[in-house]
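Each chain, letter by letter, is given below.
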Amino acid sequence: MILRAALLLCFMFPGLAAAADPVGFVAAKPGYVWKFPRDHGNHPAYRTEWWYYTGHLRGPEGQRYGFELTFFRQGLARNVDNPSSFTATDLYFAHFAISDLKAKAFWYAQKMDRPGPGLAGAASGGVSVFNEDWRAFHDGPGHRLQAQGQGRSIDLLLQSPFPAVLNGTGGYSVKGPGQASLYYSFPRMSVTGTLSVGGKPFPVTGEAWMDHEFFTDGLSSDEAGWDWFGLRFSDGTDLMLYRLRLKDGGVSPACAGTFTDVRGRATHLTASDIRAQPLESWKSPRTGAVYPTRWLIQVPKLQLTFQVGADFADQELDTAESTRVVYWEGSVGLSGQRAGKPVKGEGYMELTGYMP
Amino acid sequence: MTLRHWTREPWRAAVTLAGVALGIALVVAIRLSSQAAQSSFERSLGLMAGRADLSLTQQGGPFSESVFAQLAPTRALGIMMPLVRGKLAPTAAPRDQLEVLGADLLKDNLVRDYRLLGPGGGDLGWRDLLQDLPRPDAIFLTQKFADENGIKAGQAAGFLVGDRRVQLYVAGLLADEGAGRALDGSLAVMDLATAQKLFGKLGELDEIQWVSRSEADRKSLAAELARELPPSFVIQRPSQRNGQVEKMLRAFKTNLLALALVSLLVGAFLVYNSMSIAVLRRLGEIGTLRALGAGRGDILRLTLFEAAALGLVGAGAGVFLGRVLARQALTLVGGTLSDLYLYAPLGDGLSLGGDTLAWALMGFLLILLAGLPPALWASQVPPAFSTRAGAPESLFARSRGALALLGILAWLGAAGLAMLPPVGGLPLFGYAAAFALLAGAALLTPGLLRIFCGAARRLPLPPEGWLALRNLVSGLGRSSVAVAALVLGVGLMVSVAVMVGSFRSTVILWLGQTLKADLYLRPAADEAGKLESPMGRDTVAAVAAAPGVAAVERLRGIQYDWRGEDLYVASFDIAVAQKYGSLAFKTRGDPTVFFEKLQTTPSVLVSEPLQLKDGFQPGDRFPLQTPSGPLSLPIAAVYYDYSNDRGTVLMDRGLFTKLFKDDGVNGLAVYLKPGVSPEQGREAVLKNLPPGTQVFLRSNQDLKREVLRVFDRTFAITYAMEGIAVLVAVLGILTTLTALILERGPEIAVLRYLGATRGQVQRTLFWEAGWMGLVGGALGLGVGLLLALLLINVINAQSFGWTIQWRAPWGFLFEALAWVLAATLLAGLYPAQVASRLPGMKQVNPE
């Protein structure tokens, strides 16, 4: 999910992204030495950072839900001459969404805060990020997620069967000339915990995807939008893909992906490995944005061809109260073939930059 | 018929209308302006509170921001918004104080409505806001303020924070809408973090506001806060502040309104007078009408219709004139409000609310009531009544005894009412006593005038003087009404002059007893002298260390919410005050003992209003909620303080600092070493100030002058109002005399026929005017002195809680009375001329 929110933030700060004057922040460099659990934590030297969790949950009566819980940090300034704990050195955003796949109902909430005192923050040393009463933190070897709002809440424990999957080259993910991020994923974490809907809690199990990415200059200014996929196949493999759409209608050569096998070994995919073609679209009645909600995707290198489509169309977020962008992020299902064998799967898709 | 009568005598119609209109205008103007002042303030409070429906503050000022983290769970019930407040003044114009709201600018739009404009003039972009957000010097001013002070967005501007000069970056402007119009533009907004740093409140908040999701959530929120926090925290709805402002202004507003009502009363007398004359002049016509078959009811209706027309036209003109006057009054009232009570810049709104129209209607009804007695007399005129005057006078003569009796009863009633306690903090019985006193004076006027004329006739007088006395008695029904109106006008003037004069000399005396220091220092941002701006610690140290300075006394005060009203809790260095200064103690005893007690045991002094209005006596305990917990401190003594009518609780600085965990300073009293002149001391202090600081430095004399300037401004509107009352009363003399002359045409003609010269007729008229002025003035003086007693000892004591030492400004009073006499003589000029021009023989013919 490399740059997904980078694009969000890019739309928020078009000037900042172009200004290329990130005073007090360092750029992502190749050859970054990863060390976990340290790198699960905060990297305040980089301007932008996020922790992204999406996944699917099943209840005891066969209920099926998708969820998204994301934490963003956007650095505003460093070395500010104000010791106040309210000083807005960073902004923290968070989005929490639940998709009821049976009822085809989508709900989301958002938060925006400055760091202090005690409003939002991220600690170094391990997963430890919060925004008001939403949080993600280490709980033994796993990640615990807690969030609530309007009768909905999650309290989930996520565990990955294998270590972090580094995207790009050793976690250094190039986004364009002079632009890059540091990026790793846990594509297939097992989930246990509790979900409440309408104030009623029930136990759930499922699988989730976690992305963690940080950078200072993430995107070039000629990009118009962004399509991202995080997909788990029924054969135990996973695929992450992103497409960067250019303002001139083309696709950026920086498109890329990561294929992860059942043991957690990654294969880096580049733009030439990936073919993606929209098949269907949906127009949001609220915002007028037209989103491609069904795609044909082919990765010849992996002998992979499949169709992926939204579980239901309306999973659009209008985040006027936080990141101030409109985007689509929702639960998707897929079916196709890998190496001649039928394969199914589920995952999350993110579509940005479709506002008219 | 009635219209014809009034058009035949347009001057009297005009004068009567002018009197009525002035009375109503004054009431309307006072209501309008004080309402506008208050609603402007309330509107500002509303705009600044926005959608917040619960507010948390702490007694004694800011509280630790850890409270904010502690209350984080309340976010489930609504939006929670931390706030830091402060005051700033532009270096170039320290008088233009700014109320600064330090808010979370990321989210403030969830609570308050305002639009930020960027340096280009267009809306400030989100990313521009984010770019400026971490800046420790970014401020947003209102468009109006920036325009008036020549400040542009995107530039730096100089400001004063207390005594410190700072440069701030004007990151943008608040568009002239919503909260951008609060406080008439004197609002500035900045980020919370910036405000914490700028106002020295790192780690502290002044307020937390909530916008709860529902009324039920608000209630549970309030309950949770009360459970969670110690009682030194105040939990209230932001709209409760309105009630506090209303309470604060109530006494002031009511006093002004009462004065305006007296003017209206004088106007009503004028109507009564004019209507009586009109009826007398038309006795013949009325008699003819009755003979032609008109019933008593018809005559009554006809005459009342006349009063109604007068009232209606008068009320209409009064409302119109009132609006014009209100603009002037607004400046005066507004200036007073901001001097006395709060920083209340005034908005635009002068709207004729239902309340104003109700007052105008009341004025109209009063006029109708004043027209009732003449109408009743008119209706009693038998058919074919002879045109010869006299019968109504005999009618009047019959009721003269009853009037005098009523007058005595009214005065007894006034004496009784004056003994009664206030109602809801307002001296309602005191006002009733004042009106009873005035009514009694009016009722007693005919009897007293008659006695006077009887006595004066024994004086060696020229024939014209004697004749004038006779005329006054024979026309007692009319002349006494004019005199009564004058008594009211003069009485009002005298009472206010005595009250204000006494008050002023009391304040001067008090200033002399209280202000003992050689120099007074306060932060430059505090030009108005409210002692609310912080003074830097280094400034205090520098002043104390300046050569020639013997000692400094640090003053620190806070607004303290007490039973929903603002009390002032203040402190100073008692040891310094004891050694160098003094205080005007009301409690009898050795001041040294009081000073010692304040230093040795935790105790307080209370200012007089707390004794007079709330009954606190020396030895009682005063309950206080402080950040160190609730406690009640013994009252060592009561002292005089005319600077605050709600009351002050005064304690030693050491105790205050401990209780309120607050070591701020708002002002310094500087005592110089012997032999150092104020000028030398002033120079030494200024030279020793740390760089970048700016202060107001006043010598003892300067400060006293400044206090008196504020005092005089406060009473400017009162002077204006008593002037109008006297004007209306003198108009009454003019109409009465003119009418009397026209009516006495035949008599005058007989006099002329008998050989009286024009000059003699004129002189008689002058004598009459003079006698009326003299009696009215003298009676007015007596009534005024009585009324002043009532104002000082009952009305003022109950509404403000101050002891005022009686001090009548005799010189001014006699001078004013001389002017009244001159004015009445002047009022006699026109009628005298009319009389002297009457032809001789022709008028006698009917006889």
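Structure shown above.
Report follows, based on the coordinates. (Residues numbered from 1 in each chain as written. Chains lettered and ligands numbered in written order. Predicted model: local features only at pLDDT ≥ 70, side-chain atom pairs only at ≥ 80, totals over all residues.)

Residue and element names in this part refer to chain B. At a closest axis distance of 8 Å, the pairing of helix α14 (residues 463-474) and helix α24 (residues 758-799) adopts a crossing angle of 60°. Considering the angle they form, α14 stands oblique to α24. Judged by the sense of rotation from one axis to the other, the crossing of α14 with α24 is right-handed. Contact residues: E464, G465, L467, A468, L469, N471 and L472 in α14; Q760, R763, T764, W767, E768 and W771 in α24. Each residue belonging to the contact of α14 with α24 can be placed in one class, and the counts come to six nonpolar, four polar and three charged. (Axes fitted to C-alpha atoms, helices over the stretch in contact; angles between N-to-C directions. Helix = DSSP H or I, 4+ residues; strand = E, 2+ residues; numbered from the N terminus. Parallel < 35°, antiparallel > 145°, perpendicular 65-115°, else oblique. Left-handed = near helix turned anticlockwise from the far one by under 90°. Contact = placed C-beta atoms within 7 Å. Nonpolar A, V, L, I, M, F, W, Y, C, P; charged D, E, K, R; others polar.)

The partner chain B presents 18 residues to the 23 residues of chain A that form the contact. Residue composition of the side of chain A that touches chain B, grouped by class: twelve nonpolar, seven polar and four charged.

So, about the sheet that holds strand β13 (residues 519-523) of chain B. Through backbone hydrogen bonds, the strands of a sheet pair up, either in parallel or in antiparallel fashion. All names here are of chain B. Read across the open sheet, the nine strands follow the order β17-β18-β16-β19-β15-β14-β20-β13-β21; overall the sheet is mixed. Of all the strands in the sheet, the pair left with one neighbour each is β17 (621-626) and β21 (695-699). Geometrically, the sheet is characterised by an average inter-axis angle of 30° between neighbouring strands, direction not taken into account. Note that strand β16 (residues 604-607) and strand β19 (residues 648-652) share two bridges and pair antiparallel. Following the sheet pairing, L605 is matched in β19 by L650. Sitting on the sheet, helix α18 (residues 591-600) is in contact with β16, β18 (629-639) and β19, with an inclination near 170° to β18. Running at roughly 105° to β19, helix α20 (residues 653-660) makes contact with β14 (549-562), β15 (565-572), β17 and β19 of the sheet. (Pairing = 2+ DSSP bridges.)

What follows covers the environment of A:S284. Residues and elements named next belong to chain A. Residue placement: S284 occurs in the loop between β18 (275-283) and β19 (290-299). Assessed through the 18 C-beta atoms surrounding it within 10 Å, S284 is described here as partly exposed. Measuring from C-alpha to C-alpha, the distance between S284 and F36 comes to 41 Å, with 248 residues separating the pair along the chain. (Buried ≥ 20, exposed ≤ 12 C-beta atoms within 10 Å, placed from the backbone.)

A few words now on the nonpolar core. Core analysis: the biggest nonpolar cluster contains 203 residues, and B:F140, B:L141, B:A188, B:V604 and B:V670 have the highest contact counts within it. When residues in this core are grouped by element, the largest group, eight residues, is from strand β12 (residues 179-197) of chain A. (Core = buried A, V, L, I, M, F, W, Y, C linked by C-beta atoms within 7 Å.)

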